[in-house]
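# Breakdown of the fold
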Amino acid sequence: MKLILLSILFLVGCSTESDPLGIKVLDEWHYETIDACRGIDISDNVLVAAASSNGYFRFDITDSDTLQLVNHIADLNPSTGDDAAYDVAISGSIKDKVFVLDDVDGIVVYFFDGSPSITLDACGNSLTYRSLAINDAIQDTTIVFTLQKHQVDGLPNGFDQYSTSVGVRKYFETLDPFGGEALFENDGCNAAINPSIDAMKIFYADNLLSLTLGGLGVQVYKYEHNSDNPLVPWSSFYVQGGEAESIFSLGQTVIGGFDNDRGCYMALLDSDGEIVGNLSFADGYSINAIDYKSGVLALAAGNDGVLIYDWDESLGLDLKGILNVGDDNYVYDVKVHNDDIYVGGYFDQGSCYWKNGSKTNLTTNADSMSWGICCLLYTSDAADEGLGV
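Residues numbered from 1 in each chain as written. Predicted model: local features only at pLDDT ≥ 70, side-chain atom pairs only at ≥ 80, totals over all residues. Heavy atoms only, no water.

### Some remarks on the overall build of the chain
Which entries qualify depends on this criterion: Only runs of H or I of at least four residues qualify as helices and only runs of E of at least two qualify as strands under DSSP, and these elements are numbered from the N terminus. A 1.4 Å probe rolled over the protein chains alone gives each residue an accessible area, and that area as a share of the maximum for its type sets the label: buried under 20%, exposed over 50%, partly exposed in between. Only heavy atoms enter the contact rule, under which two residues are in contact if any of them lie within 4.5 Å. Surface accessibility in these figures is a Shrake-Rupley result with a 1.4 Å probe; residues are shielded only by whichever protein chains are displayed.
Within the chain, the secondary structure is distributed over 1 helix and 32 strands. Here the chain, with 389 residues, has 53% of them falling under the buried criterion. Within the chain, contacts between residues separated by at least 24 positions form 52% of all contacts whose residues are at least 6 apart in sequence. Summed over all atoms, the accessible surface of the chain reaches about 16400 Å², with 44% contributed by carbon and sulfur.

Right under this line is the structure:
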């Protein structure tokens, strides 16, 4: 019996290669972001998107799983001509806000209540940010982890030239002694660790900070709050022939996504950081992003679309289906929320519309390249297709 599982905010082209495997698309909605949608995040019913040179978008997710635009800031830094949003992260601690990462001009914080935005200072004398992660688990505190690249000049003491660092900032709210207004303050950035130049992405959850290190794989650190050395080396793994491109963790389980069609490696860690169980899956795919919620694991696989799994939060994994997008299209990021999967990327064969499994082309000419997001409703046929892990 077919069962409607979830709806998907997903970028898909209109070529025949985009027909899904193991699932049947029932309905679809689109929202274009003009430039490439490289990063998305979701909290409650709010979705934010990093749209490269077209800045930052904030949407409300409606009851019908469509998007209602709340705010769009196209120019993150009016004083520069090269600003672009490459990643976003929502924080709900203290007050609702979003951190928008520009890999050249820094990180800007926008508050949902309309308070004036702020720009993060340099960390370790660097504003060349690559990635960020948020810890909202500590009451009345927002802890921000940032990964930044260093050159030669102005290095933190003892750090290598042409390397990276992971900085830790603790934000809190104080009252302005002169005006009585609430201020969002931090105690400075502690450049805690000094990874190699290959470090590109970080992820935080459940007291574990993980980062990708290219061909060296994935390095995991244990976070110790209020310690002089807050990031303690905890575990690591790699996949031969692949470079780590994405990372996700839940509890003591860490999943690394790799390029060169090496798929994913899942490591179950014990209380000492030792790997006590592992699983390789999604072989034959290069994985750009990973997300999970409530039994649904989603992988963004670039030109190959989105892989959707049922996951038991251990080593039990069942592939439910694949949403292909075609060779000329690309998926950058994926998020799972309330049984929905949201995806950002681009496609260059125009837009299309799916209704009850039937596809209708809307724009297909050579000038109809489109970047953005859309929403799919589908049923699972994985059991009938015999799909494996």
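### What to know about a nonpolar patch on the surface
Basically, it comes down to this: Note on patches: the residues involved have over 30% relative accessible area and no salt bridge, like charges join within 9 Å, and the nonpolar side chains Val, Leu, Ile, Met, Phe, Trp and Tyr join within 5 Å. Definition used for salt bridges: Asp or Glu carboxyl oxygen within 4 Å of a side-chain nitrogen of Lys or Arg.
Taken together, the side chains of Val-152, Tyr-162 and Ile-197 define a hydrophobic patch exposed on the protein surface, amounting to about 240 Å² of accessible area. Locating Val-152 in the fold gives a position in the loop between strand 12 (142-149) and strand 13 (164-175).

### Describing the pairing of strand 20 (residues 244-250)
Working note: regular strand, side chains alternate between the two faces of the sheet. The criterion, for reference: The criterion for strand pairing is that DSSP finds at least two bridges linking the strands in question.
Of all 7 residues making up strand 20, 5 are buried, and the element is well covered by its neighbours. As judged from the 6 bridges shared by strand 20 and strand 21 (residues 253-258), these two strands associate in the antiparallel manner. In the sheet register, Ile-247 faces strand 21, and the bridge partner there is Gly-256. Following strand 20, the chain reverses through 2 residues before pairing antiparallel with strand 21; Gly-251 in that reversal takes a positive phi of roughly 60°.

### Considering the sheet that holds strand 26 (residues 306-311)
To keep things clear, this is the line we draw: Axis lines are fitted through C-alpha atoms, for helices just across the contact stretch, and the angle between N-to-C directions can take any value from 0 to 180 degrees.
Reading across from one edge, 24-25-26-27 is the order of the 4 strands in this open sheet, with antiparallel pairing throughout. The open sheet has two free edges, formed respectively by strand 24 (289-293) and strand 27 (317-323), since each of these has just one partner strand. In this sheet, neighbouring strand axes are inclined to one another by 20° on average, regardless of whether the strands run parallel or antiparallel.

### Description of the confidence of the model for the chain
Keep this limit in mind: pLDDT measures how confident the predictor is about each residue, on a scale from 0 to 100.
Averaged over every residue, the pLDDT of the chain is 81; residues scoring 70 or more account for 78%. Counted against residues more than four places away or in other chains, residues 382-386, with its pLDDT under 50, gives 5 contacts.

### Structural notes on the nonpolar core
How we decide: To define a nonpolar core, start from buried Ala, Val, Leu, Ile, Met, Phe, Trp, Tyr and Cys residues and group those joined through side-chain atoms within 4.5 Å.
By size, the foremost hydrophobic cluster in this structure holds 33 residues, and its most contacted members are Ile-255, Phe-281, Leu-297, Leu-299 and Tyr-309. At 6 residues, strand 22 (residues 264-269) tops the list of elements feeding residues into this core. Sequence-distant contacts of Ile-255, defined by excluding residues within four places in its chain, comprise Phe-237, Ser-246, Ile-247, Phe-248, Cys-264, Tyr-265, Met-266, Phe-281, Ile-290, Leu-297 and Trp-311.

### Re the environment of Ala-267
Counting through the fold element by element, Ala-267 comes out in strand 22. A sequence separation of 12 residues divides Ala-267 from Leu-279, and the C-alpha atoms of the two residues are 6.9 Å apart.

### Quick look at the pattern of salt bridges
Scanning the entire structure with this criterion turns up 4 salt bridges. Across the pair Asp-113 and Lys-95 runs a salt bridge, and its minimum N-O distance is 3.6 Å. Here the residue Asp-113 occupies a position in the loop between strand 9 (106-111) and strand 10 (118-119), and Lys-95 occupies one in the loop between strand 7 (87-91) and strand 8 (97-102), the gap between them amounting to 18 residues. In this structure Asp-113 comes out as exposed when scored by relative accessible area, which is 52%. Measuring nitrogen to oxygen at the nearest pair gives 3.7 Å for the salt bridge that ties Lys-320 to Asp-310. Here Lys-320 is found in strand 27, whereas its partner Asp-310 is found in strand 26, with 10 residues between them in sequence. Linked through salt bridges whose partners overlap, the residues forming this network are Asp-310, Asp-318 and Lys-320.

### Quick notes on the environment of Leu-76
With respect to the element layout, Leu-76 can be found in the loop between strand 6 (67-73) and strand 7. The exposure class of Leu-76 is buried, given its relative accessible area of 10%. Distance in space between the C-alpha atoms of Leu-76 and Leu-101 is 9.7 Å, their sequence separation being 25 residues. Beyond its immediate sequence surroundings of up to four residues, Leu-76 is in contact with Gly-55, Tyr-56, Asp-83, Ala-84, Ala-85, Val-100, Val-108 and Tyr-110.

### Structural notes on the sheet that holds strand 17 (residues 208-212)
Reading across from one edge, 16-17-18-19 is the order of the 4 strands in this open sheet, with antiparallel pairing throughout. Either end of the sheet is taken by a strand with one partner, and the two such strands are strand 16 (202-205) and strand 19 (231-237). Shown here is a sheet whose adjacent strand axes are inclined to one another by a mean of 25°, direction ignored. Taken together, the 6 bridges between strand 18 (residues 218-223) and strand 19 define a ladder with antiparallel strand orientation.

### Quick word on the pairing of strand 3 (residues 39-43)
The element strand 3 is extensively covered by neighbouring structure, given that 4 of its 5 residues are classed as buried. One ladder, built from 5 bridges, connects strand 3 with strand 4 (residues 46-50); its direction is antiparallel. Its bridge partner lying in strand 4, Gly-39 is registered against Ala-50. The turn joining strand 3 and strand 4, which pair antiparallel and follow one another in sequence, is formed by 2 residues; a positive phi near 50° is taken by Asp-44.

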